[in-house]
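Here are the chains, one letter per residue:
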Amino acid sequence: MKKRFVLMAALICGVSFSASAQFKIGGKKINVGKVVQAGTDAVKAITLSDADVAAMSKEYMQWMDTHNPLTAPDSEYGKRLEKLVGNIKEVDGLKVNFGVYEVIDVNAFACGDGSVRICAGLMDLMTDDEVMSVIGHEIGHVIHTDSKDAMKNAYLRSAAKNAAGAASETVAKMTDSDLGALAESLAGAQFSQKQENEADDYGFEFCIKNNIDPYAMHNALNKLLKLSEDAPKSSKFRQLFSSHPETEKRVARMKAKADEYTKK
């Protein structure tokens, strides 16, 4: 059976979802750039409060959990997740909740409401320590407000926000179509290299605080980088990662941090 290679959300390059992934993000073709021209200025002028983003994040996660198969607590993945994070209820003031999507994607993400979702494909690929480093990295994006900013930007550029809605300068409760469009827009979101480095650092410190191998962050990044070498040359995964010098720098940077820590 031919393997499918999909993108790692945020951990490597900040891509939230892969178009070829199993994640369900609406099923409708949406032209993200087609925000009604007459409403473009109004869309850009909308001010989204933290409360707006929090409400949006909650709706978004409810939608994602409805449209993607969450593993049962008594399943193999559910038991493994409980063993890893069952005692973690709050991180730096952020109340967190965890879940596993039973999809083949090598993927994980965290949302502004504290929801952290790991895909079964990633758990199959990585050791417990590596999975924990990924979880720490994703939580880091939330703590540093990267996820909140990504949600804001995705909402503002989403085709779901039409001219009439934009003119009202309010954020109404989103419909299923709106949420699908928001997910579609998030598919094009990327974090900056600075944001990724900061999330790597957070993942590293998360490992240290939880008595996890200090090399876990390095190992997780390196494993994904090596995985890309086996991907088809024409695949987006290969194009993004195999010749991505910044990713190699991040791998080396995490090794250097672990080397320094272990010498103390």
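Positions within a chain are numbered from 1, following the residues in the order the chain's sequence is written. Totals for whole chains, interfaces and linings use all residues, but because this is a predicted model, local features are given only for residues with pLDDT of at least 70 and pairs of side-chain atoms are given and counted only at 80 or more. Side-chain numbers come from the whole structure's heavy atoms, not from hydrogens or water.

What follows covers the overall build of the protein chain. Where helices and strands are cited, they refer to DSSP runs of H or I of at least four residues and of E of at least two residues respectively, numbered from the N terminus. For the protein chain, the helix and strand inventory stands at twelve helices and five strands. Buried residues in the protein chain amount to 50% of all 264 residues. Throughout, a contact is declared for two residues whenever any of their heavy atoms are within 4.5 Å. Across the protein chain, contacts joining residues at least 24 apart in sequence account for 73% of those joining residues at least 6 apart. Looking at the protein chain as shown, the accessible area adds up to about 12,700 Å², and 51% of this sits on carbon and sulfur atoms. Each residue gets one of three labels from its accessible area relative to the maximum for its type: buried under 20%, exposed over 50%, partly exposed in between, using a 1.4 Å probe on protein chains only. Here the Shrake-Rupley method, with its probe set to 1.4 Å, supplies the accessible areas, and only the displayed protein chains count as covering residues.

Across soluble globular proteins, nonpolar side chains have a tendency to be buried as a group. By size, the foremost hydrophobic cluster in this structure holds 33 residues, and its most contacted members are V85, I88, F98, L122, M132, I135 and I139. Only α3 (76-85), β3 (97-101), β4 (108-110), β5 (115-119), α4 (120-125), α5 (128-143), α9 (193-209) and α10 (216-229) provide two or more residues apiece to this core. Among the elements that line this core, the one with the most residues is α5, at six residues. Excluding anything up to four places from it in sequence, V85 contacts F98, M132 and I135. Here, the term nonpolar core denotes a set of buried Ala, Val, Leu, Ile, Met, Phe, Trp, Tyr and Cys residues that are joined through side-chain atoms within 4.5 Å.

Turning our attention to the pattern of salt bridges. Should a side-chain nitrogen of Lys or Arg be within 4 Å of a carboxyl oxygen of Asp or Glu, the pair is scored as a salt bridge. Applying the stated rule across the entire model yields eleven salt bridges. For the salt bridge of K83 with D128, the shortest nitrogen-to-oxygen distance reads 3.0 Å. With K83 in helix α3 and D128 in helix α5, the pair connects residues that are 45 residues apart, well separated along the chain. For K83, a relative accessible area of 59% gives the class exposed. Classification of D128 as partly exposed rests on a relative accessible area of 23%. It is possible to trace a salt-bridge network through shared partners that takes in R80, K83 and D128.

This part is about unusual backbone geometry. In this model, D92 sits at a positive phi of 50°, which is unusual for a non-glycine residue. For D92, the location among the structural elements is in the loop between β1 (90-91) and β2 (94-95). The phi dihedral of T145 is positive, around 65°, even though this residue is not glycine. Along the chain, T145 turns up in the loop between α5 and α6 (146-157). On the basis of relative accessible area, T145 is assigned to the partly exposed category, the value being 32%.

Let us look at α6. Look at α6: 16 Å from first C-alpha to last across twelve residues, which is about the 16 Å you get at 1.5 Å a residue. For α6, every residue scored as buried is listed here: D146, S147, A150, M151, A154 and Y155. Buried residues of α6 fall within an arc of 165° about the axis and therefore sit on the same side. Considering only its buried residues, α6 is in contact with α2 (50-67), β4, α5, α8 (176-186) and α9. Expected span, for any helix, means 1.5 Å times one less than how many residues it has. The arc in question is formed by the directions pointing from the helix axis toward the C-beta atoms.

With 16 residues, α5 extends 22 Å between its outermost C-alpha atoms, agreeing within 8% with the 22 Å of an ideal straight helix rising 1.5 Å per residue. Burial analysis of α5 places 13 of its 16 residues in the buried class, which makes it a mostly covered element.

With that out of the way, let us pick up the sheet that holds β3. At least two bridges found by DSSP between two strands is the condition for calling them paired. What the three strands build is an open sheet, ordered β3-β5-β4; its pairing is mixed. Bordering the open sheet on either side are β3 and β4, each of which pairs with just one other strand. Between one strand axis and the next, the sheet turns through 15° on average, direction left out of account. Where β4 and β5 come together, three bridges link them in antiparallel fashion. The partner of A110 across the bridge, within β5, is V116. Here, axes are lines fitted to C-alpha atoms. For helices the fit covers the stretch in contact, and angles between N-to-C directions go from 0 to 180 degrees. Relative to the sheet, α3 contacts β3 and β5, its axis offset from that of β3 by approximately 150°.

This part takes up the packing of aromatic side chains. What counts as a ring pair is set by centres within 6.5 Å for rings of Phe, Tyr and Trp (its six-membered ring), and what kind of pair is set by the plane angle: stacked under 30 degrees, edge-to-face over 60, tilted for all other angles. With the rule as written, the count across this model stands at two aromatic pairs. Between Y101 and F109, the aromatic rings sit 6.4 Å apart at their centres with planes inclined by 35°, giving tilted as the arrangement. Residue Y101 is classed as buried on the basis of its relative accessible area of 0%. Between F204 and Y261, the ring centres sit 6.2 Å apart and the planes meet at 85°, which makes this aromatic pair edge-to-face.

Most of β3 sits inside the fold, with four of its five residues counted as buried. Here five bridges tie β3 to β5, and the two strands are oriented parallel to one another. Residue pairing for β5: N97 is matched across the bridge by S115.

That's the geometry; what it means functionally is another story.
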